[in-house]
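# Observations on chain architecture
Residues per chain are reported as follows:
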Amino acid sequence: MADPRADGPAAGPPRSAVGIRPDEFLLPVRARRPEALIRLLLGLVLTGLTVLLAVTAPDTAVGLDADVAQGTSVMPHPLIDAARYATTAALLLVPLAFAARRVIQSRARRQVADGVIAAALAYGTCAILWLWGADLAPLAGADALSQAGDGYVASVFAFTTAAAVTRRPRWRGWAAAALTLHALVLLAAGNGMLGLALAFLIGWTIGHGTAYAVGSPVPRPTGRDLFDSLREVGLAPVDACPAPVAVRAEAGRSLLVRRQSGLPDLEVVVLDTQARAAGFLRQAWLRIRVRTAPRSRGLQSIRALLEREALLSYAAQAAGVRTPPLLATAELGPEAAVVVYEHLAGRRLDELADAELTDPLLYGIWEQVALLHRREIAHRALVPRSVLLDGRGRVHLVSLEGGEVAAADLLLRMDLAQLLTTTALRVGPERAVAAAARVLGPDRVGAAVGLLQPLALSRDTRTALARHRKQSRPAAGDPAPEPVPDLLTRVRDEILRALPQADAEPVRLERLRTRTLVTLLGGAAAGYVILLQFSGGDGNPFAVVTQADPGWVALAALASAASYLAATMGFTGFVPERLRTGRAALAQLAGSFVNLVSPSGLGGVALNVRFLQRSGIPAPQALSSVGVTQAVGLVLHTLLVVVFTALASADHASAFPSSTAVTVCLLTAAVLAGTATSIPPVRRWLAARLRPLLAGVFPRLLHLLQSPGKLAVGVAGQLLISLTSVACLYCCTRAFGEDPGFAAVAVANLVGVALGSAVPTPGGVGGVEAALSLALEKTAGIAESTAIAPVLLFRLLTFWLPVLPGWLAFVWLQRRKAI
């Protein structure tokens with residue numbers, strides 16, 4: 001490999017650049033520390049648990065306070081009162097003395113102001129609890145919350161935390177002694193333990209929250225400190241200015257340092273607390289969500305960052321990769337350090353014109369990446385700013401600080417997917433894939449197919465893909481715009497064209513999906529609501545059955561069972577290919593189990609697609625069949641709503657609104673829907689989501705028209721799915737002595753289930769119950785308190801009881817490899 005320094009010293013800093021003065025500060029005054037954020041979150045959790053304990057376990061709180069009161073009853077009250085006054089005075093004198101000393105010495109005045117702000121916030125919070133504690137919690141819970149209103153402890157603790165009193169050993173000792181003595185005296189005087197603990201937690205949480213919000217003061221090295229540090233490591237700086245092109249992609253101030261004549265210039269990166277904590281929240285969330293997320297830099301010390309960066313740089317140089325040589329690392333005060341590279345003059349990939357992106361240049365980029373991967377080093381940031389072209393046209397890789405040594409094969413494949421996307425955005429998928437295949441070989445490029453997904457790419461690349469997708473969108477005036485595949489799909493297709501046997505199955509990168517988190521939280525909230533409903537009645541849903549008429553319950557159960565026969569008809573009727581009816585019925589039953597762990601309906605749809613694929617039907621045809629089923633079912637569902645609405649409004653004994661009011665509501669809804677679809681962003685959003693589902697619907701319907709018998713079975717099945725659900729709910733209302741009209745119950749069922757299923761909880765739990773209860777009240781005239789019992793019975797028969805047989809069907813189909 002040619003020596004990158006063979007061209008001689010790089011050019012010095014631009015003459016127009018503003019130099020760094022010796023007395024100029026290199027870093028900002030304050031920095032947000034990730035440690036303060038972690039302590040803030042921990043404090044919020046502990047505070048919430050303490051409040052929850054005070055609210056839900058008042059007897060425990062009373063017992064703890066009684067034990068403490070019994071132990072301190074022998075102490076004389078005058079002594080306790082005197083001690084209380086003395087410790088209160090000491091508790092106020094310690095922060096006042098600290099603040100006065102710091103202000104008189106003109107040191108850290110802003111830090112004292114931060115402590116005052118935190119103390120005021122803590123005292124205000126405790127005052128709110130003191131005023132409204134009785135409304136927030138009963139009995140001992142109210143006592144615990146109101147006793148936190150003695151905000152002296154909270155405000156002093158918040159001051160000492162935000163003003164960093166604990167960082168000074170002598171003041172820390174005085175503050176700890178005053179707080180401990182005052183807490184003991186309060187316990188002896190009869191204050192509750194939960195209230196005292198809550199006061200401490202409030203002060204600690206608000207103190208750290210204030211420290212994170214306004215930032216903590218940091219030592220500020222100057223330009224003179226920088227030059228002194230460089231001289232200590234044997235480098236002779238002359239002057240410095242901000243670097244025009246940074247050698248790093250991540251946070252950190254980059255400076256271009258000129259040395260004596262004949263010596264190459266330096267690029268110096270200043271690492272400090274602010275650079276270490278940059279993007280900490282995003283990194284932490286990625287670490288929780290994604291299995292391959294980079295390790296969080298916010299919790300690593302400056303020395304650990306230096307060691308990691310030096311290791312990566314030396315490993316890359318040993319692998320023969322062209323990258324700016326790391327010359328030295330040095331400390332720059334107690335909370336800062338410098339990383340010194342040899343300056344490399346050049347242009348980044350995003351600064352090159354399209355005509356300069358020749359095939360030899362693409363080969364050179366892939367050759368450097370191949371050298372990295374040969375030593376199992378992952379770059380992890382192969383974006384345009386990480387590729388540098390020097391004056392002789394040679395490729396250099398920069399921004400290696402976020403890489404991995406001894407990287408797993410998955411990380412190396414992610415590098416391939418990232419660079420394929422980066423180059424395809426500039427030169428197109430054909431040239432990007434051809435260049436990679438020529439250097440790495442088709443087999444290695446094929447290993448990246450499963451990683452061509454947004455989650456495997458950097459945030460800048462995802463933004464560039466969205467911009468490219470917007471620019472590639474057909475013009476609005478095109479009468480019949482053809483759907484344009486996105487760039488990742490085109491790259492994937494190009495690889496599969498050259499290597500058809502490559503594994504195209506997407507690699508699962510998510511450890512926790514956002515949708516899963518929302519579903520879990522929604523399920524927990526829904527479960528809590530249902531428990532509250534049960535606790536207000538008989539205590540559990542099975543007790544509802546004992547109060548119902550057995551005959552009507554049996555009819556409701558029969559209607560629920562018949563719905564699976566209807567679902568089988570509605571499913572198989574829209575599949576032209578021959579299916580095994582028994583297994584298709586078991587697949588519909590298994591959907592009741594799958595819907596327990598997924599938002600309502602989505603699990604069953606995915607299961608049906610999988611079942612068709614396992615039955616030998618190609619994926620596009622399987623998706624089209626399920627799309628036809630859903631589309632026809634939606635149309636028939638809407639028609640049933642219109643028909644039963646007209647019947648219910650014609651029934652004068654029904655509580656349903658008149659036909660005129662219903663017609664006005666339907667027309668208003670139609671106008672609103674038409675208005676929404678006339679808005680271009682809304683129309684594009686709907687088109688993007690409906691096009692994949694409806695793309696094969698019409699061709700599949702044309703195919704089904706050749707088999708009118710199967711089509712009739714499918715339509716009848718879709719109608720029966722809705723009618724059996726209506727019949728089940730109607731029988732449940734009759735089981736509790738209610739006699740509403742069938743049409744009114746039908747409208748309540750069709751509308752309530754549809755609206756409730758939109759709630760992102762497993763099976764629509766909580767949402768369906770609430771929507772059905774409200775719908776029965778409004779359409780059938782059943783009181784809200786009475787409607788909950790039929791709804792719970794309906795959900796018991798249609799959702800909860802089928803879970804066990806659905807699980808058995810799911811396991812059986814899995815063992816037969818039918819799904």
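A brief report on the enclosed structure follows. All residue numbers refer to positions counted from 1 along the written sequence of the respective chain. At least 70 in pLDDT is required for a residue's local features to be given in this predicted model, at least 80 for side-chain atom pairs to be given and counted, and no such filter applies to totals for whole chains, interfaces and linings, which use all residues. Excluding hydrogens and water, the side-chain figures rest on all heavy atoms present in the structure.

### Examining the overall build of the protein chain
We count a stretch as a helix when DSSP gives it H or I for four or more residues in a row; a strand needs E for two or more, and each element gets its number in order from the N terminus. Assigned secondary structure in the protein chain consists of 32 helices and twelve strands. Across the 819 residues that make up the protein chain, the buried fraction comes to 46%. Reported accessibility uses the Shrake-Rupley method at a 1.4 Å probe radius. Residues are deemed covered only where the shown protein chains occlude them. Carbon and sulfur atoms make up 63% of the accessible area of the protein chain, which amounts to about 39,800 Å² in all. Summary of the burial criterion: residues with accessible area below 20% of their type's maximum are buried, those above 50% are exposed, and those between are partly exposed, where the area comes from a 1.4 Å probe applied to protein chains only.

### Considering unusual backbone geometry
A positive phi angle, close to 55°, is found at Ala-406, a residue other than glycine. If you trace the backbone, Ala-406 turns up in the loop between strand 12 (404-405) and helix 14 (409-427). With a relative accessible area of 59%, Ala-406 lands in the exposed category. Backbone geometry places Lys-817, a non-glycine residue, at a positive phi of 55°. If you trace the backbone, Lys-817 turns up in the segment after helix 32 (803-815).

### Things to note about the sheet that holds strand 7 (residues 336-342)
The pairing criterion is simple: DSSP has to find at least two bridges between the two strands. One open sheet holds the five strands; their spatial order is 3-4-5-7-6, and the pairing between them is antiparallel. Only two strands of the sheet have a single partner each, and these edge strands are strand 3 (237-242) and strand 6 (326-331). Averaged over neighbouring strand pairs, the angle between their axes works out to 25° when direction is ignored. For strand 3 and strand 4 (residues 253-259), the ladder comprises five bridges, and the chain directions are antiparallel. What sits directly across from Asp-239, in strand 4, is Arg-258. Convention adopted: a line fitted to C-alpha atoms gives each axis, helices being fitted over their contacting stretch, and angles between N-to-C directions are expressed from 0 to 180 degrees.

### Quick word on the packing of aromatic side chains
For this analysis, a ring pair means two rings from Phe, Tyr or Trp (six-membered ring only for Trp) whose centres lie within 6.5 Å, classed as stacked if their planes differ by under 30 degrees, edge-to-face if by over 60, and tilted for the remaining angles. Under the criterion given, the structure shown has eight aromatic pairs. Arranged with centres 6.4 Å apart and planes meeting at 85°, the rings of Trp-552 and Tyr-730 form a pair that is edge-to-face. Of this pair, Trp-552 sits in helix 21 (residues 550-572) while Tyr-730 sits in helix 28 (residues 708-735), placing them 178 residues apart in sequence. The exposure class assigned to Trp-552 is partly exposed, which follows from its relative accessible area of 24%. Look at Tyr-730 and you get buried, because its relative accessible area is 15%. An aromatic cluster is built from Trp-552, Phe-644, Tyr-730 and Phe-742, whose rings are joined through pairwise contacts. Here Arg-795 stacks its cationic end above the ring of Phe-799, 4.5 Å away from the centre of that ring. In this scheme, the term charge over a ring applies when either NZ of a lysine or CZ of an arginine sits within 6 Å of the ring centre and within 35 degrees of the ring normal.

### Topic: the nonpolar core
What tends to happen in soluble globular proteins is that the nonpolar side chains get buried as a cluster. The term nonpolar core refers to a set of buried residues drawn from Ala, Val, Leu, Ile, Met, Phe, Trp, Tyr and Cys, joined through side-chain atoms within 4.5 Å. Counting residues in each nonpolar core, the largest one holds 55 residues, and the members touching the most others are Leu-420, Leu-451, Val-491 and Ile-495. Sorting the residues of this core by element identifies helix 12 (302-318), helix 13 (359-374), strand 9 (377-378), strand 10 (387-390), strand 11 (395-397), helix 14, helix 15 (429-440) and helix 18 (487-498) as the ones contributing at least two each. For this core, the element with the most residues is helix 14, which contributes ten residues. Two residues form a contact once any of their heavy atoms are found within 4.5 Å. When sequence neighbours within four positions are dropped, the list of residues in contact with Leu-420 reads Trp-366, Ala-432, Val-433, Ala-436, Val-445, Ala-448, Val-491 and Ile-495. In terms of nonpolar packing, the next biggest core, distinct from the first, is built from 26 residues, Ala-559, Phe-736, Ala-780 and Ala-789 among them.

### Overview of the pattern of salt bridges
Note on definitions: salt bridges are taken to be side-chain nitrogens of Lys or Arg within 4 Å of carboxyl oxygens of Asp or Glu. Applying the stated criterion to the full structure yields 15 salt bridges. Here Asp-228 and Arg-231 are joined by a salt bridge, their closest N and O atoms 3.3 Å apart. On the criterion of helical spacing, the pair formed by Asp-228 and Arg-231 is a turn pair, its members being three residues apart in helix 9 (residues 223-232). Here Arg-347 ties to Glu-356 by a salt bridge, and the two come within 2.6 Å at their closest N and O atoms. With relative accessibility at 36%, the residue Arg-347 sits in the partly exposed group. Because the salt bridges share partners, they merge into one network encompassing Arg-348, Asp-350 and Glu-351.

It is worth stressing that arrangement in space is one thing and function is another; only the former is reported here.
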